[in-house]
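# Structure assessment
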Amino acid sequence: MMLQPVHLLMGLADRPLRYLQKKTGTGGMAVFFIAPNMLIFGLFVLLPLVINLVYSLTGGTALFLDERTFIGAGQYRQIFNCTNYLDPMSCQEDAFWTAAGNTFWFVVLQVSLMILASLITALILNRELIGRSFWRAVFFFPVLLSPVVVGLIWRWILQRQGLLNSMLYPFGFEPYTWLSDRTFAFGAVVGVSIWAHMGFYTLILLAGLQAIPKDLYEAAEMDGTRPARVFRRITLPLLMPNLLVVIVLALIKAVQVFDEVFVLTGGGPGTSTLFITQYIYETGFVSLPRNAGLAAAASILMGLVLVVLTLIQLGAARKNENKGKR
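Everything quoted here is computed from the prediction, not taken from an experiment. (Residues numbered from 1 in each chain as written. Predicted model: local features only at pLDDT ≥ 70, side-chain atom pairs only at ≥ 80, totals over all residues. Heavy atoms only, no water.)

Below, the discussion takes up the environment of Gly284. Looking at where Gly284 falls in the secondary structure, it is placed in helix α11 (residues 276-286). Not counting the four nearest positions on each side in its chain, Gly284 is found in contact with Arg290, Asn291, Ala292 and Ala295. (Helix = DSSP H or I, 4+ residues; strand = E, 2+ residues; numbered from the N terminus. Contact = heavy atoms within 4.5 Å.)

Taken together, the side chains of Arg226, Arg229, Arg232 and Arg233 define a basic patch exposed on the protein surface. Relative to the helices and strands, Arg232 resides in helix α9 (residues 227-255). (Patch = residues over 30% accessible without salt bridge, like charges linked within 9 Å, V, L, I, M, F, W, Y side chains within 5 Å. Areas by Shrake-Rupley, 256 points an atom, 1.4 Å probe, with all protein chains shown as cover. Salt bridge = Lys/Arg side-chain N within 4 Å of Asp/Glu carboxyl O. Lys, Arg positive; Asp, Glu negative; His and termini not counted. Charge placed at Lys NZ, Arg CZ, Asp CG, Glu CD.)

Right, let's talk about the environment of Ala185 for a bit. Mapped onto the secondary structure, Ala185 falls in helix α7 (residues 182-210). Taking the C-alpha atoms as reference, Ala185 lies 30 Å from Thr310; in sequence the two are 125 residues apart. Not counting residues within four places of it along the chain, the set of residues in contact with Ala185 comprises Trp178, Leu179, Gly268, Pro269 and Thr273.

Core analysis: the biggest nonpolar cluster contains 62 residues, and Ile79, Phe96, Phe106, Leu205, Phe275, Tyr279 and Ile280 have the highest contact counts within it. Broken down by secondary-structure element, the contributors of at least two residues to this core are α2 (74-79), α3 (94-125), α5 (147-158), α7, α9, α10 (259-264), α11 and α12 (292-325). Ranked by residues supplied to this core, first place goes to α7 with 13 residues. Apart from the residues within four sequence positions on either side, Ile280 is in contact with Ala295, Ala298, Ser299 and Met302. (Core = buried A, V, L, I, M, F, W, Y, C linked by side-chain atoms within 4.5 Å. Buried < 20%, exposed > 50% of the residue type's maximum accessible area, 1.4 Å probe, protein only.)

As a further point, take unusual backbone geometry. Residue Pro269 is reached from Gly268 by a cis peptide bond, and omega for that bond is -5 degrees. Its place among the elements puts Pro269 in the loop between α10 and α11. Cis geometry marks the peptide bond from Leu288 to Pro289, where omega comes out at -5 degrees. In this fold, Pro289 is placed in the loop between α11 and α12.

Once that is clear, we can look at the UniProt feature "domain: ABC transmembrane type-1" (unreviewed entry) in the protein chain. Per the UniProt record, the feature "domain: ABC transmembrane type-1" (unreviewed entry) sits at residues 100-313. The straight-line gap between the two end C-alpha atoms of residues 100-313 is 22 Å; of that span, 76% is helix and 0% is strand. (UniProt positions renumbered as here; feature names shortened; annotations may be inferred.)

This part is about the domain arrangement of the protein chain. Entries for the protein chain in the domain assignment read domain 1 (3-70) and domain 2 (93-325). Taken over C-alpha atoms, the centre of domain 1 sits 35 Å from the centre of domain 2. Tallying the contact residues gives eight residues for domain 1 and eight residues for domain 2. Taking both sides of the interface into account, the surface hidden between domain 1 and domain 2 amounts to around 540 Å²; carbon and sulfur atoms contribute 62%. Its largest share of buried area at the contact with domain 2, domain 1 owes to Asn52, Ser56 and Thr61, together 58% of the area lost on that side. Our count for the domain 1 to domain 2 interface comes out at zero salt bridges. If you look at where domain 1 meets domain 2, you find one residue pair in polar contact (both at pLDDT 80 or more). Looking at side-chain class alone, the side of domain 1 that touches domain 2 contains two nonpolar, five polar and one charged residues. (Domains from an automatic or database assignment. Buried area = accessible area lost by both parts, 1.4 Å probe. Polar contact = N/O pair within 3.5 Å; in protein donor to acceptor, adjacent residues only side chain to side chain. Nonpolar A, V, L, I, M, F, W, Y, C, P; charged D, E, K, R; others polar.)

Sequence positions flagged by UniProt for "transmembrane region" (unreviewed entry) are, in local numbering, residues 30-55, 104-125, 137-157, 184-209, 230-252 and 294-316. Taken end to end, residues 137-157 has its terminal C-alpha atoms 23 Å apart, with 90% of it in helix and 0% in strand. Secondary structure content for residues 230-252 is 100% helix and 0% strand, while the C-alpha to C-alpha distance between its ends is 31 Å.

What follows is the structure in structure tokens.
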């Protein structure tokens, strides 16, 4: 009795769908079901991309496009107007190149250290440990936290009246403003980002380790192969597809870093932790006068970098797949 209304509604929907299938065939039905998703994708992804591209080709402080002046590649020329690209102070947009340099070093340090830590953690968690499920949950827990919460937690730990200073004070250390030290602030940003995201990549690598047949390890053990050689000849080659995914995902995530850094340091002290995404945000929405065109141009350049990284990942994955088929 309770299912009768459901059957009635399904019967009412079935008739027009059968008629549509009869007229358009299976191809038409596929278009019918995909169309709503494509409409949402076009409205909330493609259209903003087009608008952003148009903004990057216009100048002025007006918000609406019909009030802005078309200047072509003027915003891009302003960004690339440099005497020496390795010296941000020689560039017209020195803040952009400072942010680009900080982002480059952040990506290099954060991605390399996080992949190393994730790999070591995955290898440990793949062993027979007491409470292994508990430890897996512990390492994954930070991934469940909001980036803003992560930034607030570590800001509370590292501030002058924070947890770290209160722990060091009994040992004779004076309270120190850790986040006001340029070198430590950058290192803290790298470390906090690793802590927040490492669990996700650890699970991907752990899944790859568990997919490796145990027979290979048993055969290597019977042959008396050293653990280092087993890792180099068995584990690493078979884990490479997962490792490639982790590398590219980590690279893309690192280039887009913003939330936890903005909450933790706000880009300071000075510009020591100013990254590309924060530069775009401040240029387009915070600093006066707001320059939406310059922010849009910077975001287009960052998007191109992400496209290149994605293409590298696809090429590496295809190369690895073809190598495996031989």
